[in-house]
Amino acid sequence: MDPKLRETVVRSTLIVLLLVGLALLLVPLSGVLMLIFASILIAVLIRAAAIPFRKIGLPETLAVLLGLIAIIALLGFFGWMFGTQLGDEFRSLTARLPGAVRSAEQWVSEQPWGQDLQLSSITGAVPNLQSIAGGAFSFAFGALGALTNLVLVLIAAIYLALQPITYMRGIEHLFPKAQGEQVSDALAASGAALQRYLLGQLFTMTIVGTLVAVGLTIFDVPSAAALGVIVGLANFVPMIGPLVGAIPGVLLAFSQGPETALAAAIVYLVAQQFEGNVLTPIVQRWAVSIPPALLLFALAGLGVLFGFVGVIVAAPLAVVLYTLVTMLWSRDALGHDVSVPGRSRNG
């Protein structure tokens, strides 16, 4: 056999074996991978907070540190202003929710069409959902080491935010030198796309949560602020999150009567329609537009691989992978004229 052909075959075989090995390690190392990606998400937010300081000409390291301090100060201010009220509302929500579920079950059982419908079969899944969520959390962070892993994620995020070029060069060195510049460009673009996506999501989460809180307050639904926070956080997960986030509010509204529950459902529907038809198109023009079907498959696939935590990170991870595939495969390897997420055609 020709030596060059033999070398090509050996190299190709080793690459295939490496890919197979990485695939086999994917599930056993899923907890570590989730920690790494969580650090990346926090690092991206820290660097986003540093943008105003970089624009006024401050050095990179100082700007990032000031961005971190700004985030801590903002969280501290929010906790000082609303922490006590939200804590009381969440305690009230926890106390009221079981009674609200019973009220909803009783109302359904009294309806002609509800005689054969056992709401308990639906609400009985709540403990299972809680156990799934708790199991996923333990899987990702460890039942006894949650605090340690949280500190690890935060410290790693700070290092990533301060010196992203160092880690990007490390990844670049895993590829042939001729493709190094393309890999670096793709990594930078995926970071920019992820940053824009997260900022866009924070914007829509805040608006939707505020709209729901105000709307539920108008209809005298208890713990409206806490319910607004819940639906705002749930909106981080596209498609599925808004539906899940609306369940506690609608059930709790049953404690005030079925009319209030209907009004609460309308509040959630109006807020989500406003988010889907007004906010999201505006944000996507500035940030990242991912095909809905791709997001749905990402939610399903990562949910199967990594459980509840995989569902949470599915959308931002899909943004990163979509950007990398668009640049490294569709554009560079296949030569297609494609737009890069988060960039203009000329970017």
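Definitions and limits used
Residues numbered from 1 in each chain as written. Predicted model: local features only at pLDDT ≥ 70, side-chain atom pairs only at ≥ 80, totals over all residues. Heavy atoms only, no water. UniProt positions renumbered as here; feature names shortened; annotations may be inferred. Helix = DSSP H or I, 4+ residues; strand = E, 2+ residues; numbered from the N terminus. Core = buried A, V, L, I, M, F, W, Y, C linked by side-chain atoms within 4.5 Å. Buried < 20%, exposed > 50% of the residue type's maximum accessible area, 1.4 Å probe, protein only. Contact = heavy atoms within 4.5 Å. pLDDT = per-residue confidence, 0-100. Salt bridge = Lys/Arg side-chain N within 4 Å of Asp/Glu carboxyl O. Phe/Tyr/Trp six-rings, centres within 6.5 Å; stacked < 30°, edge-to-face > 60°. Patch = residues over 30% accessible without salt bridge, like charges linked within 9 Å, V, L, I, M, F, W, Y side chains within 5 Å. Areas by Shrake-Rupley, 256 points an atom, 1.4 Å probe, with all protein chains shown as cover. Axes fitted to C-alpha atoms, helices over the stretch in contact; angles between N-to-C directions. Parallel < 35°, antiparallel > 145°, perpendicular 65-115°, else oblique. Left-handed = near helix turned anticlockwise from the far one by under 90°. Nonpolar A, V, L, I, M, F, W, Y, C, P; charged D, E, K, R; others polar. Expected span 1.5 Å × (residues − 1). Bend = angle between axes of the 7 residues up to and from the residue.

- For the chain, the name recorded in an unreviewed UniProt entry is AI-2E family transporter, with Stakelama tenebrarum as its organism.
- Note on the chain: under the UniProt heading Sequence similarities (unreviewed entry), the record states "Belongs to the autoinducer-2 exporter (AI-2E) (TC 2.A.86) family."
- Comment text from UniProt for the chain, heading Subcellular location (unreviewed entry), reads "Membrane".

### Remarks on the UniProt feature "transmembrane region" (unreviewed entry) in the chain
Here is step 1: In the numbering used here, UniProt assigns the feature "transmembrane region" (unreviewed entry) to residues 9–26, 62–83, 136–162, 197–219, 225–254, 261–283 and 295–325.
Here is step 2: End C-alpha to end C-alpha, residues 197–219 measures 33 Å, and it is 96% helix and 0% strand.
Here is step 3: Counting secondary structure, residues 295–325 comes out at 97% helix and 0% strand; the distance between its end C-alpha atoms is 15 Å.

### What about the nonpolar core?
Here is step 1: Counting residues in hydrophobic clusters, the biggest one holds 26 residues, and the most contacted among them are Phe-37, Leu-194, Tyr-197, Leu-198, Val-288 and Val-319.
Here is step 2: Counting residues per element, the ones that place at least two in this core are helix 2 (30–49), helix 9 (180–218), helix 13 (292–306) and helix 14 (308–333).
Here is step 3: Looking at this core element by element, the count peaks at eight residues for helix 14.
Here is step 4: Those residues in contact with Leu-194 that lie beyond four places of it in its chain are Ile-40, Leu-41, Val-44, Pro-316, Val-319 and Val-320.
Here is step 5: Within the second largest apolar cluster, 21 residues are counted, among which are Leu-93, Val-208, Val-212 and Val-221.

### Observations regarding the confidence of the model for the chain
Here is step 1: Counting all residues, the mean pLDDT for the chain is 79, and 82% of those residues have values of 70 or more.
Here is step 2: The least confident element of the chain is helix 6 (residues 125–141), whose mean pLDDT is 43; the most confident is helix 3 (residues 51–55), at 91.

### Brief notes about the pattern of salt bridges
Here is step 1: This structure, assessed with the given rule, holds four salt bridges.
Here is step 2: Glu-60 serves as the salt-bridge partner of Arg-47, at 2.4 Å between the closest nitrogen and oxygen. Of the two residues, Arg-47 is situated in helix 2 and Glu-60 in helix 4 (residues 60–110); the sequence distance between them amounts to 13 residues.
Here is step 3: Take Arg-47: its relative accessible area is 19%, and that puts it in the buried class.
Here is step 4: Glu-60 sits in the partly exposed class, given a relative accessible area of 31%.
Here is step 5: Salt-bridge contacts for Arg-331 lead to Asp-185; the nearest nitrogen and oxygen are separated by 3.5 Å.

### Details of the environment of Leu-65
Here is step 1: Its place among the elements puts Leu-65 in helix 4.
Here is step 2: A sequence separation of 97 residues divides Leu-65 from Leu-162, and the C-alpha atoms of the two residues are 8.0 Å apart.

### Section: the side chain of Ser-184
Here is step 1: By the secondary structure assignment, Ser-184 is in helix 9.
Here is step 2: When its relative accessible area of 19% is taken as the criterion, Ser-184 is described as buried.
Here is step 3: When near neighbours in sequence (up to four residues on either side) are disregarded, Ser-184 contacts Met-168 and Glu-172.

### Here's the deal with the packing of aromatic side chains
Here is step 1: With the rule as written, the count across this model stands at one aromatic pair.
Here is step 2: Their ring planes at 45° and their centres at 6.2 Å tell us that Phe-77 and Trp-80 sit as a pair that is tilted. Highlighted residues: Phe-77 and Trp-80, both in helix 4, separated by three residues, approximately one helical turn.
Here is step 3: The exposure class assigned to Phe-77 is partly exposed, which follows from its relative accessible area of 46%.

### Points about a nonpolar patch on the surface
Here is step 1: Taken together, the side chains of Phe-77, Phe-78, Trp-80, Met-81 and Phe-82 present a nonpolar region at the surface, about 580 Å² in accessible area.
Here is step 2: Assignment of secondary structure puts Phe-78 in helix 4.
Here is step 3: Look at Phe-78 and you get partly exposed, because its relative accessible area is 43%.

### Describing the packing of helix 9 against helix 10 (residues 224–234)
Here is step 1: With their axes 8 Å apart at the nearest point, helix 9 and helix 10 run at an angle of 150° to one another. Classified by the angle their axes make, helix 9 and helix 10 are roughly antiparallel. Along this stretch, helix 9 crosses helix 10, giving a crossing that reads as right-handed. Here Met-205, Val-208, Gly-209, Val-212, Ala-213, Leu-216 and Thr-217 of helix 9 lie close against helix 10, whose contacting residues are Ala-224, Ala-225, Leu-227, Gly-228, Val-231, Gly-232 and Leu-233.
Here is step 2: Across the contact of helix 9 with helix 10, the residue classes tally to 10 nonpolar, four polar and no charged.

### Side note on helix 12 (residues 258–286)
Here is step 1: Between the first and last C-alpha of helix 12 there are 41 Å, a value that for 29 residues agrees with the 42 Å anticipated at 1.5 Å per step.
Here is step 2: In the structure, helix 12 departs most strongly from a straight axis at Leu-279, where the bend amounts to approximately 40° and where the proline Pro-281 lies between one and four residues downstream.
Here is step 3: For helix 12, every residue scored as buried is listed here: Thr-260, Ala-261, Ala-263, Ala-264, Val-267, Tyr-268, Ala-271, Gln-272, Glu-275, Leu-279 and Val-283.

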